[in-house]
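# Overview (structure and organization)
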Amino acid sequence: MAEQPDDRLLLEMRRIADALERLAGPAPALNDWSAADCFVWVPANLRLQPVPRPNRVALSLIRGVDHVRDILHENTQRFAEGFAANNVLLWGARGMGKSSLVKAVHEDVRAETGAPLKLVEVHREDIASLPGLLDILKASGQRVIVFCDDLSFDHDDTAYKSLKAALDGGIEGRPDNVLFYATSNRRHLLPRHMMENEQSTAINPSEAVEEKVSLSDRFGLWLGFHKCSQDDYLTMIDGYADYFGLPLEKDVLHHEALEWATTRGGRSGRVAWQYIQDLAGRLRIALERR
């Protein structure tokens, strides 16, 4: 039996519809804010992926950064309660607990205030997709901290322009229900030698890097992290050992911890945690979160 004209038309329309769906890509995901308190931004399908068990430590275990801890906590608490707060850049020495502090403060403030404060992590390579994320967050009505860990930009990187607009640029500016926290080893988010190279080769050196350096100025708070002293390092060790109930004499604990730091070339919160992991493994004690 010959195919009727209407059948051929219907078949052709279906082929066109299928082709258009493939071109359009997957439909945006429906984001469930009740699924978790922490999320990871997945720009490919405009999805906020829930993180039911975030990798974080208790705020009480982060030692040696009391001053910046208190500033970040106060800023976060004001935001959670619906008041004005600043974007924050946490910069400085590696391994001193910058990202750990952000996650720990978020959890502590959320538990303390009872506010449904959300934390959304944006990977460094997805910074250019921030405008789309902000549209979703603005419409959600949730109070959200957008967090980017280890943020920095190379010489030819233009993604910083999206971040500048997201922080407080553009006609609309940053939504009132969104705050931006970032960590970096660099205060100005650019390596110093690149800044100096641009200044030395530019027609107007004073303006050569002004656009990129001004990115840091969009953070209302700069919190500096510096290398810890031996006393601070041992205080971290003692805090971890007490918290997890590691049965080792303090003299032996300190001796091992200092020897561990020597083999790692320095002292930091990360080095302290690595030693505690090694010690707990040798003692066959599970490091369970409380």
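Here, every reference points to the structure presented above.
The model shown is predicted, which means the values in this text are computed figures rather than measured ones. (Residues numbered from 1 in each chain as written. Predicted model: local features only at pLDDT ≥ 70, side-chain atom pairs only at ≥ 80, totals over all residues. Heavy atoms only, no water.)

### Focus: the sheet that holds strand 3 (residues 88-92)
The test is simple: Should DSSP find at least two bridges between two strands, the strands are taken to pair. Put simply, DSSP marks the helices as runs of H or I at least four residues long and the strands as runs of E at least two long, and each gets a number from the N terminus on. Only the stretch in contact is used when a helix axis is fitted, and all axes are lines through C-alpha atoms; the angle between N-to-C directions ranges over 0 to 180 degrees. Note on definitions: a residue-residue contact is assigned when non-hydrogen atoms from the two residues lie within 4.5 Å.
The strand order 2-1-4-5-6-3-7 describes an open sheet built from 7 strands, whose pairing is mixed. In this open sheet, the two strands that pair with only one neighbour each are strand 2 (47-50) and strand 7 (221-225). Geometrically, the sheet is characterised by an average inter-axis angle of 25° between neighbouring strands, direction not taken into account. In this sheet, strand 6 (residues 178-184) lies alongside strand 5 (residues 144-148) in parallel orientation, the contact comprising 5 bridges. Across the sheet, F147 pairs through a bridge with Y181, a residue of strand 6. Lying over the sheet, helix 2 (residues 66-80) contacts strand 3, strand 5, strand 6 and strand 7, oriented at roughly 150° with respect to strand 7.

### Structural notes on the environment of L90
Residue position: L90 is located in strand 3. For the pair L90 and D149, spaced 59 residues apart in the sequence, the C-alpha separation amounts to 9.5 Å. If we ignore the near neighbours within four places in the chain, the residues touching L90 are L72, K98, L101, V102, A182, T183, S184, L223 and F225.

### A look at the packing of helix 2 against helix 3 (residues 98-113)
Pairs of packed helices are described in terms of their axes, by the angle between the two and the distance that separates them. Heads up, the condition is: Roughly parallel means an angle under 35 degrees; roughly antiparallel, over 145; roughly perpendicular, 65 to 115; everything else is oblique. Crossing chirality is assigned from the near helix's rotation relative to the far helix, an anticlockwise turn below a right angle marking it left-handed and a clockwise turn marking it right-handed. When residue character is reported, Ala, Val, Leu, Ile, Met, Phe, Trp, Tyr, Cys and Pro are called nonpolar, Asp, Glu, Lys and Arg charged, and the others, Gly included, polar.
Where helix 2 meets helix 3, the closest approach of the two axes is 9 Å, and the angle between their N-to-C directions is 50°. Classified by the angle between their axes, helix 2 and helix 3 sit oblique to one another. Classified by chirality, the crossing of helix 3 by helix 2 is right-handed. Residue-level contacts link V68, R69, L72, H73, T76, Q77 and A80 of helix 2 to L101, V102, V105, D108, V109, E112 and T113 of helix 3. Class assignment of the residues belonging to the contact of helix 2 with helix 3 gives a composition of 7 nonpolar, 4 polar and 3 charged.

### Considering empty space enclosed by the protein
Stated precisely, the cut-off is as follows: Cavities and pockets are defined on a 1 Å grid built over the protein atoms alone: a cavity is a set of grid points where a 1.4 Å probe fits but cannot escape, while a pocket is an open set with protein on both sides within 12 Å along at least five of seven lines, and lining residues are those with an atom within 4 Å of any such point. Grid points are joined across faces, edges and corners, and a volume is the space filled by probe spheres set on the points.
Scanning the model with the defined rule gives 2 cavities of 30 Å³ or more in all. Of the volumes computed, that of the largest cavity is approximately 40 Å³. Lining the largest cavity are L134, V146, A166, L167, R174, V178 and F180. Where the lining of the largest cavity is concerned, the elements lending two or more residues are helix 5 (160-168) and strand 6. Of the residues that constitute the lining of the largest cavity, the class distribution is 6 nonpolar, no polar and 1 charged.

### A look at the nonpolar core
Inside soluble globular proteins, nonpolar side chains tend to come together where they are buried. We count it as follows: As used here, the term nonpolar core means buried Ala, Val, Leu, Ile, Met, Phe, Trp, Tyr and Cys residues forming a set that is joined through side-chain atoms within 4.5 Å. Here the term buried applies to any residue with accessible area under 20% of the maximum for its type, exposed to any over 50%, and partly exposed to those in between, with areas from a 1.4 Å probe on protein chains only.
Core analysis: the largest hydrophobic core is formed by 48 residues, its most contacted members being L72, L101, Y181, F225, Y233, I237 and Y275. With 8 residues, helix 9 (residues 230-244) is the single largest residue contributor to this core. Dropping the residues within four chain positions of it, Y181 is found in contact with L72, N75, T76, N86, V88, V102, I145, V146, F147 and C148.

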